[in-house]
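Okay, here's what each chain looks like letter by letter:
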Amino acid sequence: MCAICAGGDDLIFDTDVIIWAFRKKDSAEKLLMDVKDISISAITYMELLQGALNKQELIQIKKILQVFEMRILDITPSVTHRAMDYVEQYALSDSMQLADALIAATAVENGETLCTANWKHYKCIPDLELEIFTVA
């Protein structure tokens, strides 16, 4: 099921939404403020750190994670196995990428809805609940 990200409980955020907040996009910042418990995958955490251009950005990213009290969800064996299934099933037909498979598997294994602007990356996964973030 797809809906427009409206906040609420049990949301895990894709990397793109956090990047929009980092870039001070009002709609992304407001969304993060409206969510009670924010989760991200360990993959999202690593993607954010990898994207830092310098030490200042790295410090800012870590500060955003603290300010919004983001919970980082681990890559467990069950997440790994589910992500492997996603890659096996969807890599050829839907170009499923490793990071997206792990983020989706983290959401499904933790019973959380994934909020993303990149819904096309995830639309092939039938057991994943999606909420679509639109940059306004």
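Reading guide: rules and limits
Residues numbered from 1 in each chain as written. Predicted model: local features only at pLDDT ≥ 70, side-chain atom pairs only at ≥ 80, totals over all residues. Heavy atoms only, no water. Salt bridge = Lys/Arg side-chain N within 4 Å of Asp/Glu carboxyl O. Helix = DSSP H or I, 4+ residues; strand = E, 2+ residues; numbered from the N terminus. Buried < 20%, exposed > 50% of the residue type's maximum accessible area, 1.4 Å probe, protein only. Phe/Tyr/Trp six-rings, centres within 6.5 Å; stacked < 30°, edge-to-face > 60°. Lys NZ or Arg CZ within 6 Å of the ring centre and 35° of its normal.

**Student:** Help me understand the pattern of salt bridges, please; the structure alone is not making it clear to me.
**Tutor:** Charged atoms that come close allow side chains of opposite charge to pair. One pass over the full model with this rule turns up four salt bridges. In this structure, Lys-30 engages Asp-34 in a salt bridge whose closest nitrogen and oxygen atoms are separated by 2.8 Å. Placement of both Lys-30 and Asp-34 in helix H2 (residues 26-34) is noted, with a separation of four residues, approximately one turn of the helix. Salt-bridge contacts for Glu-109 lead to Arg-82; the nearest nitrogen and oxygen are separated by 2.5 Å. Note that Glu-109 is positioned in helix H6 (residues 98-109) and Arg-82 in helix H5 (residues 77-94), a separation of 27 residues in sequence. By relative accessible area, Arg-82 is classed as partly exposed at 24%. Connected through salt bridges with shared partners, the residues Arg-82, Glu-109 and Asp-127 form a single ionic network.

**Student:** For this particular structure, what's the right way to read the packing of aromatic side chains?
**Tutor:** How two aromatic rings sit relative to each other is given by the distance of their centres and the angle of their planes. Applying the stated criterion across every chain, the model contains one aromatic pair. Aromatic pair Tyr-86 and Tyr-90: ring centres 6.4 Å apart, planes at 40°, arrangement tilted. Of this pair, Tyr-86 and Tyr-90 both sit in helix H5, four residues apart, roughly one helical turn. Per residue, the accessibility class of Tyr-86 equals that of Tyr-90, and both read buried. Across from the ring centre of Trp-20, 5.6 Å away, lies the NZ or CZ of Arg-23, which sits over that ring.

Shape is all these values report; function is a separate question.
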